[in-house]
Amino acid sequence: YIICLEFSFYFFILEEEREVKANDRGYNEKFQYANNRIKTSKYKILTFLPINLIEQFQRVANAYFLFLLILQLIPQVSSLSWFTTIVPLVLVLTITAVKDATDDYFRYKSDSHVNNRQSQVLIGGKLQNEKWMNVRVGDIIKLENNQFVAADLLLLSSSEPHSLCYIETAELDGETNLKVRQALTVTSELGANISRLAEFNGQVISEPPNNKLDQFRGTLLWKGNKYSLNNEKMLLRGCVLRNTEWCFGIVIFAGPDTKLMQNSGKTKLKRTSIDRLMNTLVLWIFGFLIFMGIILAIGNSIWEYKVGTQHQIYLLWHEVENNAAFSGFLNFWSYIIILNTVVPISLYVSVEVIRLGHSYFINWDRKMYFSKKETPAEARTTTLNEELGQIEYIFSDKTGTLTQNIMTFNKCSINGKIYGDTYDELGHKTEITEKTAPVDFSFNPLADKKFKFYDHSLVEAVKLGDPRVHDFFRLLSLCHTVMSGEKKVFLGELIYQAQSPDEGALVTAARNFGFVFRSRTPETITVQEMGKPVTYQLLAILDFSNVRKRMTVIVRNPEGQLKLYCKGADTVLFERLHPSNQDLMYVTNDNLNEFAGEGLRTLVLACKNLDEDYFTNWLKALHRASITLDNRDELLAAVYEDIEQDMMLLGATAIEDKLQEGVPETIAMLTLANIKIWVLTGDKQETAMNIGYSCNMLTDDMNEFFIVAGHTVTEVRGELRKAKARMRGRSTSLLNGSVFQEKLKECQSDSCFDETITEEYALIINGHSLAYALEVELEEEFLETACMCKTVICSRVTPLQKAKVVELVKKNKKAVTLAIGDGANDVSMIKSAHIGVGLSGQEGMQAALASDYSLAQFRYLQRLLLVHGRWSYLRVCKFLCYFFYKNFAFTLVHFWFGFFCGFSAQTVYEQWFITLFNIVYTSLPVLAMGLFDQDVNEQSSMDYSRLYEPGQLNLLFNKRRFFICVAHGIYTSLALFFIPFGAYLNTAGDDGKHIADYQSFAVTVATSLVIVVSVQIGLDTSYWTAINHFFIWGSVAFYFAILFAMHSDGIFYMFPSQFSFIGNTRNSLSQVSGWLVIFLTSVVCIMPVVAVRFLKVDLYPTLSDKVLYKQKAKQRQKPLHRYMRRIRRTSSRRSAYAFAHQEGYGELITSGKNMRVSS
């Protein structure tokens, strides 16, 4: 079995090509290809315990406590019982293991849900239902409409003409527009004939598994012939079959070998920056502990040599001790055990409890609950909450994350007049709200009931027969590549199969206004115009391309007239208008500026009457160009250009690419919080840029856009360097020489030059160029250029490229990153970032299931970071500062005591106080602060985004703050020890009896310590609740209750060896001098802190202090309701629809391949 596994491993490494034989499992199994089971969970039942323990002991503190436990098992050095360490250690390990197991169980359930989906597999000449995990390479699978593709398949046949099929690839690249795949002609003849499919024994030789979504190379060998295979014949796992009744395919890649899974990153163990810092601090503390142990051990050896030897008659050495040096060695380990409480294990228990509480606060937040889908926010991990308050970079998907991917026809301009606005009785423009009455389309039985339009004047113009308005909507109903779902007319509802949401929105608008596109053949288009069916002869489709930026159709109407209809970018169409359109063009241009200012995607429409003879000659020229072998594209472009001249302007459309609610406002607030947002999308560059405008990430106020589109390493390097030089040149010219030199000195390195850039730039790069930019020799140059820009947009990127961009920033910028997406194509990015946020959106639940936090809407990210994240970071930092302070104050008293007890490793406090101090007396107050504290309220956290910056700069807990806490703790320990020691030295009680005994001293120091740390946490608490009051003052009262109980006569008689301080509390605390010592000690410890904090707030207030002052000043006033104005795009960029479009189905339509033969 082991040999078999090793063979499989080496085979995987060496696989250079894949060989698959259809319907022959025996043949394929000898290659030991992966089955179709997927696994994203980390653990198995048998390996959980060892793997989880290894992960947990990577925490330095856990390893440290294990070492202490081993020491405590040695009687000669142990001064404390071993159970004081093993119980909390096992508790911490158990809690963490249960949490990790729970998280992994949910991943396992998700895997099981996918693996147990049903698929129809051809086995033994019959179609059988099989679970996805049982599908094997070489199996033939039947898919039906709207089913997910189970594995990477080679398409064999389908229900559509010419074995076409339509797929939606949203989970792969984020695009919801349909894509076409077509089987080989030889396999399409197999059809749905089960017997012929069962006899199919073709052999596929292909490339090995890889992560390239847009590439596949292979060959089919069948019946002695070879057939070339490419990506257009593949159905990839994660796609959904659409508008196709059925299809058959052969499995080429299964499970982990599929391109979807090859693009999914591995589940990684994520630790916060505070966790990593704590590991470092624990090492430092351990070093400090060893240092103290060495000093005390040396002191013990000297004392034993000079003094101890004189008292051996009644201070006997242990049997193993034979000299002073060895006594010091043993005492070194004893002091290591006594002083280990500088980092008590309760610290880690408390941190886990606080993080768990913060996770529940996120889950319970009603303001992040999406009522439309009844979806709450969910913290899927409990270990990363404070890092939500330290985010510097957000990497966001576009489709389904920033947008709803829903296009709506909002406005239009026809013959210079704008339609789509609403006005009141006085003629003033009014805002459209939910209460605004939409246009009544009841006159049109085929109208789409979901379509909303609010300007009634446009319907009146249509009904009155305005020829310009009719031509406008006639063009929209004819000039497109939409396929009509005529066979799916149900209760008057037409189904359109649009290549892009833009085109679907335009055809739907024409449909509602009375020009209903009904059907098409390769030669005709049928439109129902105002209730009358009209069939146009389709003579030519001049398809869209990124160079042409327009689309044209030429038709003959029933009257025999030749008409040319064109739609495209205004920059392209305005140049091709007849001179008589000049005045109308200026008016329309003003309308386009208005549309663009509202963030709408615009498109210009024009038409032209054609002469019969001219058109005949043009067709001949088109035919000659289409059959030319050399420079065919250039010749066709010239022929197209010839006919697309002297057109008559009809108007312009304005489509809204609907953003999710609150996206521009959220991005604006996150930007104010100094968070940089990069958009990484699989969508087209132009579409991504348009969304950038809509979100106000791109504006005309920016100094310059840099578009990187090189096709070689040299070209990409040149474009990046050119962009960097322009930014540096502009910045240098704006700064005088001395200022610029000072800025450079501040940076000290080229890598931080982005700090000196004062202007706003944007970098747009496509996936092809990004592949070169991410290579080792270019990655630093790309990162440096990108970080100098305010906005970065990466388009046409693969899932793996998204993850690589995130890793690049993580590695080089040392910044905390967050990735957010909603599709399976975002999973690898989500796993790579420090924080992964999944949206439970339109593209399935894969992103949410792989994420650390799941939200229903992008806008909730603002609250997640600015409120929950900031509070979490603040609370954890205050908790750690206080915890280190109180434990240094508590522990170092033993160090000072060592100089007065012969370095004998005797403790200052009784053993029960040491045991209960961290887990009873001081645990609940610090937990309350860690769970509930807040410097300012949630509204102020949202309003003042700059409050977020301390987390990004790591100001609230870092090495400097740690040393300040340690210094504070050392000062407190000095006061706690030496003030009572000095007061009790040679002192008599009120009754004249001597009170300077060890037990009275221990009780006084312990009582002072509890009071001091309780008052200190009161000073540290900014937000008081009843819980804080109860825990802080209740802990002090509880301390006294336990103290009197443990020093009582009754418990001494029951356990005389365990409770030796009988009656000490009554004696010590009944003395006025004892209380005066406690009071003096407390004042000396607390007053300097009060004075420093008062002066700091008064002389050097932070933004938080100022906001808190304003907040308190307004508490008695009526709260002012703040409404954020809707952020609108102020841009002159237009015709984003034409730019965003891609080469359509024009050639497919005119070839007739996708048309059914009429029965």
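Model, not experiment: these values are computed from the prediction. (Residues numbered from 1 in each chain as written. Predicted model: local features only at pLDDT ≥ 70, side-chain atom pairs only at ≥ 80, totals over all residues. Heavy atoms only, no water.)

Here we take up the packing of aromatic side chains. A complete count under the given rule lists 65 aromatic pairs for this structure. Ring centres of Y105 and F106 lie 6.2 Å apart, and the angle between their planes is 55°; this geometry places the pair in the tilted category. Looking at Y105, the relative accessible area reads 45%, which means it is partly exposed. Ring centres 5.2 Å apart and planes at 75° place the aromatic pair F899 and F903 in the edge-to-face group. (Phe/Tyr/Trp six-rings, centres within 6.5 Å; stacked < 30°, edge-to-face > 60°. Buried < 20%, exposed > 50% of the residue type's maximum accessible area, 1.4 Å probe, protein only.)

What follows concerns the packing of helix α12 (residues 346-364) against helix α31 (residues 923-932). What describes two packed helices is the angle between their axes and the distance between those same axes. Two elements in contact, α12 and α31, have axes separated by 9 Å at closest approach and are oriented at 35°. Judged by the sense of rotation from one axis to the other, the crossing of α12 with α31 is right-handed. Contacts between α12 and α31 pair S350, V353, I354, G357, H358 and F361 from the former with V926, L927, G930, L931 and F932 from the latter. Classifying every residue of the contact of α12 with α31 by side-chain character gives seven nonpolar, four polar and no charged. (Axes fitted to C-alpha atoms, helices over the stretch in contact; angles between N-to-C directions. Helix = DSSP H or I, 4+ residues; strand = E, 2+ residues; numbered from the N terminus. Left-handed = near helix turned anticlockwise from the far one by under 90°. Contact = heavy atoms within 4.5 Å. Nonpolar A, V, L, I, M, F, W, Y, C, P; charged D, E, K, R; others polar.)

The UniProt record annotates "active site" (unreviewed entry) at D397. Discounting residues that sit within four places of it in the chain, D397 has contacts with L402, L680, T681, K802, I820, G821, D822, N825, D826 and M829. A polar atom in the side chain of D397 sits 3.4 Å from the side chain of K802. (UniProt positions renumbered as here; feature names shortened; annotations may be inferred. Polar contact = N/O pair within 3.5 Å; in protein donor to acceptor, adjacent residues only side chain to side chain.)

Moving on: the pairing of strand β33 (residues 816-821). Extensive coverage of β33 is indicated by the burial of six of its six residues. Side chains of β33 alternate between two faces, with V816, L818 and I820 and T817, A819 and G821 buried alike. Pairing between β33 and strand β34 (residues 835-839): four bridges, direction parallel. Bridged to L818 within β34 is I835. In this fold, the crossover linking β33 to β34 by way of helix α27 (residues 827-832) has right-handed handedness. (Pairing = 2+ DSSP bridges. Right-handed = clockwise from strand over helix to strand, strands pointing away.)

Right, let's talk about the pattern of salt bridges for a bit. Applying the stated rule across the entire model yields 41 salt bridges. Between E144 and K142 there is a salt bridge, with the nearest N and O atoms lying 3.8 Å from each other. Residue E144 is classed as partly exposed on the basis of its relative accessible area of 30%. Across the salt bridge formed by K878 and D933, the nearest N and O atoms sit 2.5 Å from each other. Here D933 lies in the loop between α31 and α32 (938-943) and K878 lies in helix α29 (residues 860-898), a separation of 55 residues in the sequence. Pair check on accessibility: K878 and D933 agree, each one buried. Put simply, R548, R550, E575, R576, E641 and E644 are held in one network by salt bridges that share partners. (Salt bridge = Lys/Arg side-chain N within 4 Å of Asp/Glu carboxyl O.)

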